[in-house]
Amino acid sequence: MPASPALAEDRRAPIDAAVAALADGARAWAALTVGQRATVLRGVRRTVADTARTWAQTAAASKQLPPGHPLRGEEWLSGPYGVLGALDAYLSTLERIADGRNPLDGVRIDRGPGGRTRVHAFPLTGIDRFLLSGFSGEVWLTPGTTPGDARARAGLAQRAAAEGDGGVGLVLGAGNITSIPVLDVLYELLAHNRTVLLKVNPTQDALVPVFERALAPLIAPGFLRIVRGGADVGTYLTAHAGFAHVHITGSAPTFDAIVWGPSSGQGAAATKRRRTQDKPRLTTPITAELGGVSPIIVVPGSWSADDLRFHAEHIATMRLQNAGHNCIAGQVVILSSDWSQADQFRAELRRAYANAPERPIWYPRSEERMQQAADAYPDALVLADRVLVELGPEDDAAALEQTEYFAPVLGVVSIPGTGQEFLDAAVAHANERLQGTLGANVLIDPASEQALGAGFERAIADLRYGDIAINAWTAFAFLTPTMTWGAYPGGTIQDVGSGIGVVHNALLLADVERSVVRGPFRPFPRSASVVTDGGRFSILPKPPWFVSSRTGAEVSEGLTRFRARGGVLALLRTLVQAMRA
């Protein structure tokens, strides 16, 4: 990466003024009681609700989705809906603390695999139990953390709000999902008592006026400032002495450029040598969420034709949502070569992948990365806006498994085995061969899961990923505010992997190892098979986030409006639309 040009004085001055204002704001924030902070958040909730429509429309336009496009609903769910849900969850936590209660009062805590403390963090409200029936989520804490530790430390900085401010944090915002910068701001403010300077990624410049209106209750008292700019502004900010902490959502090369300085371009060996021998340029503490290559493990079983079709569309969604420009997009499907239904499933996957609605490839350099995949695998199925790579046992999967394409490139690999033998081998394959540790997905039918029993839970514990989804997509954990989001523990500035630390985490839990979400194997009405197969019942037919949902745009908008304003009749109309998906 070439060195960025120095920032001119007329551009440095407003940034310096913003940092100074935030230092004053940090002292003001520290002086507020937890109850007063909750009042501030209620104001933010109102302004986010007021801007929800403009937010979603602006985001869709920035991603070149024209009016009426069937996938515009993604921008409702991944934008204002996600932020409103987070605000509600944080408010619940703050209100408990303000009342002298523990954030985990009424939340079930038990022991999971390896004796880990496990917090059952979703669902916690009646409406979530109804609308998202069949889905659940657990936060697993690091080995050695007891349930008593979990309760004693829950609340993080809000448990010791009177102890002083945490200074000013710098958030280098993501460029792909519009809720991410806002969610990262909220976490700095609430988990660490830091006021925040948010630098928006240039891909989201169009959202800045929306953010300024939506977050006005934080901006007015000096708790937040928002700036735009490219690499030159980022370089100036990360070298600024006014910040107590830096958080970035982005890529490992960008992280390395921040911590170690611009790359000399001399290859991986030079990069590794610099990390181990050089002194880091950045002395400010830093956390990061950096993505990776996410596996989708398909455990062989006896699936119906509807099961094969549904989960083929499920996998297509994991890769094609937001045109594949997601750090958590599923990239490598791991199948059993001994599964009698493998060929049927491959055929359904090809069909689902090819038939999903076309959309623009909008993120910078994505077409270049798609071409890299096509060049590495000449036999790949290359369509106008997506690539599907199906590999045989003798093919070299290294490029697919070590390159986060951040573009609509999906690969399929096969390994032998059935039952526990396959699952253990697939877990080892994901752990050892795929780059990163952010998220992993596992699809398994209820009968197979029951047959594996404790072996299944052990295999899940062996997956070294910060977020795991069973019969769901890890994006569900991203969008569920009481789940945590981040890489598996162990990242350092010398070897950052998928990142350092967690975000979201609205229960403000300490000592987090990972989050695990579980969903229904079958949608409504086939989820009624729970009576015979012991699975999970759900009222959702095809979820609105599926790229194949015929009514996803209408349902996503309706759910956001319900989250913002309530209203039973409006919710019923939305549910009717959902049944037509």
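Residues numbered from 1 in each chain as written. Predicted model: local features only at pLDDT ≥ 70, side-chain atom pairs only at ≥ 80, totals over all residues. Heavy atoms only, no water.

- An unreviewed UniProt entry lists the chain under the name Aldehyde dehydrogenase family protein, from Microbacterium resistens.

**Digging into helix H6 (residues 179-192)**
Item 1. Compared with the 20 Å implied by 1.5 Å per residue over 14 residues, the 19 Å span of H6 between its first and last C-alpha is a close match.
Item 2. Within H6, 13 of the 14 residues are buried, leaving the element largely enclosed by the surrounding structure.
Item 3. One or two steps after H6, the chain reaches Asn193, where phi turns positive at roughly 55°. (Helix = DSSP H or I, 4+ residues; strand = E, 2+ residues; numbered from the N terminus. Expected span 1.5 Å × (residues − 1). Buried < 20%, exposed > 50% of the residue type's maximum accessible area, 1.4 Å probe, protein only.)

**Describing the pattern of salt bridges**
Item 1. One pass over the structure, following the stated rule, counts 34 salt bridges.
Item 2. Here Glu513 and Arg116 are joined by a salt bridge, their closest N and O atoms 2.7 Å apart. With a gap of 397 residues between them, Glu513 in strand S19 (residues 512-518) and Arg116 in the loop between strand S1 (109-111) and strand S2 (117-122) connect regions that are remote in the sequence.
Item 3. The residue Glu390 makes a salt bridge to Arg346 at a minimum N-O spacing of 2.9 Å. (Salt bridge = Lys/Arg side-chain N within 4 Å of Asp/Glu carboxyl O.)

**What about unusual backbone geometry?**
Item 1. Residue Pro123 follows Phe122 across a cis peptide bond; omega there is -5°.
Item 2. With respect to the helices and strands, the residue Pro123 is situated in the loop between S2 and helix H4 (126-131).
Item 3. For the peptide bond that leads from Phe524 to Pro525, omega is 0°, which places it in the cis range.
Item 4. Within the secondary structure, Pro525 sits in the loop between S19 and helix H20 (530-533).
Item 5. Residues other than glycine seldom take positive phi values, yet Asn193 does so here, at roughly 55°.
Item 6. Backbone geometry places Leu508, a non-glycine residue, at a positive phi of 55°.
Item 7. Along the polypeptide, Leu508 turns up in the loop between strand S18 (503-504) and S19.

**Focus on the environment of Arg46**
Item 1. Position of Arg46 relative to the elements: it lies in helix H2 (residues 34-62).
Item 2. In this structure the C-alpha to C-alpha distance between Arg46 and Leu410, which are 364 residues apart in sequence, comes to 40 Å.

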